[in-house]
Amino acid sequence: MTSERPRFRLGFLTHVQGRDQDIARTYRNAQELFVVADELGFDVGWVAQHHVALGGGGLSSPWTFLAHAAARTTRIRLGTAVTVLPLEDPVRLAEDIATVDTLSGGRVEIGVGSGSSGLEYAAFGKDAARKRELTSENLHVLRQALAQGDVGTPDFRIQPRPGDFDRRVWQGVFSAQGAAYAASRGSNLLLNRAAYGFDVPTDEVQRPWADAFLAAWDQPHRPRIGLSRFVFPAKDRRTALRTIGDDVHRAALRMAESGAFPQGLGADEALRRFHTFYGHPDEIVEALRQEQVLPVATDLITQFNPAVPDHDAAVRALELIATEVAPALGWKPAHTAEPAPVGPASVEPAPVSPTSVRPASAGV
């Protein structure tokens, strides 16, 4: 373990959705969010892959999208949270990743997961019952390809030649066992915005997963934990609720149809189940300071999904996150951040904010 301490990074995640069926406008607006986030100093912009259309959009081809975002931005890193790996040819995927990484000047982060849609697996001729096995198999090939190893047949290596991805592979998991497995493979950890199928708060469920990941980590470099959270600041709680409340409630009722949430949830319980942080920035900061996973996270990944705010509201929310919420938690844009102090090596990761975030005694 090196003495390097990971800097707290701020990210945003979009599922690329709009309010209508004008997909071209939805995609343009999502691209504009990357430009805005780049200007605001966000460290990473993430997109989620969905082969089945979401309301008002959804993104089936994230690497094409990120190639365009690379051309429109200068500094922000570009990642997927997640690419549905069992449905990909890992060699072709590695070529796409290496291409975007080359075009962007080495700004790519690759997050992978197994997905959850049986319809997607059927459409791609894959067995959903084998999704964990397929994820592991494809991740092995993907890593080998990105490390410039032979793949598919002797003497075949992908081009363009990829950069060093040793610290840039992430896995989305949904259990302590999955978290420990990700650590054993040297992948960084991605934690979802909400824990489905549990009655207790999301952070109470996920903190043991993060602890299992850290306990299993045995790589020479420090691990990263990306914590995805629904964060929507506005001028006050009522304004925020007016923007996101109905969307969140409808999404919770849809989740109930699949058994992820109980039937008949009210609006307040829907917000709790999605582990939502909303309202005035000061309220959000105070709530995040009670978040149990945040003290061991190295990356806070904010998102508005399942709400679909209009474009102006989304831009304003990003501005408030970057100028009021994240700085209160100890974040600084990369160009102003002080270098991480170098001290004795430790197995403990740096907290998101060593001065501002205190350990929580209860979930939010």
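S.K.: What am I meant to see in the overall build of the protein chain here?
M.R.: Scanning the protein chain from N- to C-terminus turns up eleven helices and nine strands. The C-alpha atoms of the protein chain give a radius of gyration of 19 Å, which matches the 21 Å a tight globule of 364 residues would have. Across its three principal axes, the protein chain shows a C-alpha extent of roughly 60 × 50 × 40 Å. Scored against the burial criterion, the 364 residues of the protein chain give a buried share of 52%. The contacts in the protein chain between residues at least 6 apart in sequence include a share of 77% that link residues at least 24 apart. Total accessible area on the protein chain stands at roughly 15,700 Å², and carbon and sulfur atoms take up 51% of it. Side chains of the protein chain carry 38 positive and 43 negative charges; the gap between the two charge centres is 2 Å.

S.K.: Is there a simple way to think about the environment of Thr323 in this case?
M.R.: Within the fold, Thr323 resides in helix 11 (residues 311-328). Of the residues examined, Thr323 reaches a relative accessible area of 49% and is grouped as partly exposed. Reaching out from Thr323, the side chain makes a polar contact with the backbone oxygen of Glu319 at a distance of 2.7 Å.

S.K.: Looking at this structure, I do not really get unusual backbone geometry. What am I missing?
M.R.: As a rule of thumb, non-glycine residues mostly have phi less than zero, and peptide bonds are mostly trans rather than cis. In this model, Ala81 is joined to Val82 through a cis peptide bond whose omega is 10°. Inspection of the secondary structure puts Val82 in strand 3 (residues 77-84). Gln159 connects to Pro160 through a cis peptide bond whose omega is 5°. Relative to the helices and strands, Pro160 is located in the loop between helix 5 (131-146) and strand 5 (169-172). Although it is not a glycine, Gln148 sits at a positive phi angle of roughly 65°. Here Gln148 is to be found in the loop between helix 5 and strand 5. The backbone of Asp155 shows a phi angle near 75°, a positive value even though the residue is not glycine.

S.K.: Would you mind showing me how to read the environment of His249 here?
M.R.: Inspection of the secondary structure puts His249 in helix 8 (residues 237-257). Overall, His249 belongs to the partly exposed group, its relative accessible area being 23%. Note: C-alpha distance between His249 and Ser116 (133 residues apart in sequence) is 21 Å. What His249 contacts, discounting residues up to four positions off in sequence, is Leu265, Gly266, Ala267 and Ala270.

S.K.: Just checking my understanding: could you explain the packing of helix 10 (residues 281-288) against helix 11 for this structure?
M.R.: Packed helices, taken two at a time, are described by the angle between their axes plus the distance between the axes. For the pair helix 10 and helix 11, interaxial distance at closest approach is 9 Å and the crossing angle is 40°. When the axis of helix 10 is compared with that of helix 11, the two are oblique. Relative to helix 11, helix 10 is oriented so that their crossing is right-handed. Where helix 10 abuts helix 11, its residues Pro281, Ile284, Val285 and Leu288 lie against Leu320, Glu324, Val325 and Ala328. In terms of residue class, the contact of helix 10 with helix 11 is built from seven nonpolar, no polar and one charged.

S.K.: Got a minute to help me understand the pattern of salt bridges in this structure?
M.R.: When the charged atoms of two side chains lie near each other, side chains of opposite charge can form a pair. According to the stated counting rule, one finds 22 salt bridges in the structure shown. With a closest N to O distance of 2.6 Å, Arg77 and Glu109 form a salt bridge. Here Glu109 lies in strand 4 (residues 108-113) and Arg77 lies in strand 3, a separation of 32 residues in the sequence. The same class applies to Arg77 as to Glu109, namely buried. Salt-bridge contacts for Asp101 lead to Arg168; the nearest nitrogen and oxygen are separated by 2.8 Å. One end of the pair, Asp101, is in helix 3 (residues 90-104); the other, Arg168, is in the loop between helix 5 and strand 5, with 67 residues separating them in the sequence. One exposure class covers both Asp101 and Arg168, and it is buried.

S.K.: How should I be thinking about the packing of helix 1 (residues 23-40) against helix 11 in this particular structure?
M.R.: Contact geometry of helix 1 with helix 11 gives a least axis separation of 10 Å together with a crossing angle of 20°. Between helix 1 and helix 11, the interaxial angle falls into the category roughly parallel. As for the relative orientation of helix 1 and helix 11, their crossing is right-handed in sense. Here Asn29, Glu32, Leu33, Val36 and Leu40 of helix 1 come into contact with helix 11, specifically with His311, Ala314, Val315, Leu318, Glu319 and Ala322.

S.K.: Help me understand helix 3, please; the structure alone is not making it clear to me.
M.R.: Helical geometry note: an α-helix holds 3.6 residues per turn, so side chains three or four residues apart project in the same direction. Given a rise of 1.5 Å per residue, 15 residues ought to cover 21 Å, and the 21 Å separating the end C-alpha atoms of helix 3 matches this to within 8%. Within helix 3, burial applies to Pro90, Val91, Leu93, Ala94, Glu95, Ile97, Ala98, Val100, Asp101 and Ser104. Those residues of helix 3 hidden inside the fold are in contact with helix 2 (62-72), strand 3, strand 4 and helix 5. At the N-terminal boundary of helix 3, the capping side chain belongs to Asp89, with an oxygen 2.9 Å from the backbone nitrogen of Val91.

Thresholds, definitions, all that
Each chain carries its own residue numbering, running from 1 in the direction its sequence is written. Whole-chain, interface and lining totals are the exception, using all residues; otherwise, since this is a predicted model, local features are given only for residues with pLDDT of at least 70 and side-chain atom pairs are given and counted only at 80 or more. Excluded from the side-chain calculations are hydrogens and water; all other atoms, namely the structure's heavy atoms, are used. Numbered from the N terminus, helices here are DSSP runs of H or I no shorter than four residues, and strands are runs of E no shorter than two. Using C-alpha atoms as the atom set, the radius of gyration is obtained and then compared with a globule rule of 2.2 Å times the number of residues to the power 0.38. Type-normalised accessible area, obtained with a 1.4 Å probe on protein chains alone, sets the label of each residue: buried when under 20%, exposed when over 50%, and partly exposed for intermediate values. Only heavy atoms matter for contacts: two residues are in contact if any of them lie within 4.5 Å across the pair. Computed with the Shrake-Rupley method and a 1.4 Å probe, the accessible areas treat only the protein chains shown as cover for residues. We score Asp and Glu as negative and Lys and Arg as positive, and we do not count His or the chain ends. Taken as the charge location is NZ of Lys, CZ of Arg, CG of Asp or CD of Glu. For the purposes of these results, a polar contact is taken to be a pair of N or O atoms within 3.5 Å, where, inside protein, one atom must be able to donate a hydrogen and its partner to accept one; residues adjacent in sequence count only when each atom of the pair is a side-chain atom. The axes used here are C-alpha line fits, helices contributing only the stretch in contact, and every angle between their N-to-C directions lies in the interval 0 to 180 degrees. Note on terminology: angles under 35 degrees are roughly parallel, angles over 145 are roughly antiparallel, angles of 65 to 115 are roughly perpendicular, and the others are oblique. Take the far helix as your reference; a near helix turned counterclockwise from it by less than a right angle gives a left-handed crossing, and one turned clockwise gives a right-handed crossing. In this classification, Asp, Glu, Lys and Arg are treated as charged, Ala, Val, Leu, Ile, Met, Phe, Trp, Tyr, Cys and Pro as nonpolar, and every other residue, Gly included, as polar. One speaks of a salt bridge when a side-chain nitrogen belonging to Lys or Arg is within 4 Å of a carboxyl oxygen belonging to Asp or Glu. Each helix should span, by expectation, one fewer than its residue count multiplied by 1.5 Å.

Honestly, that's just the spatial picture; any functional story needs more than this.
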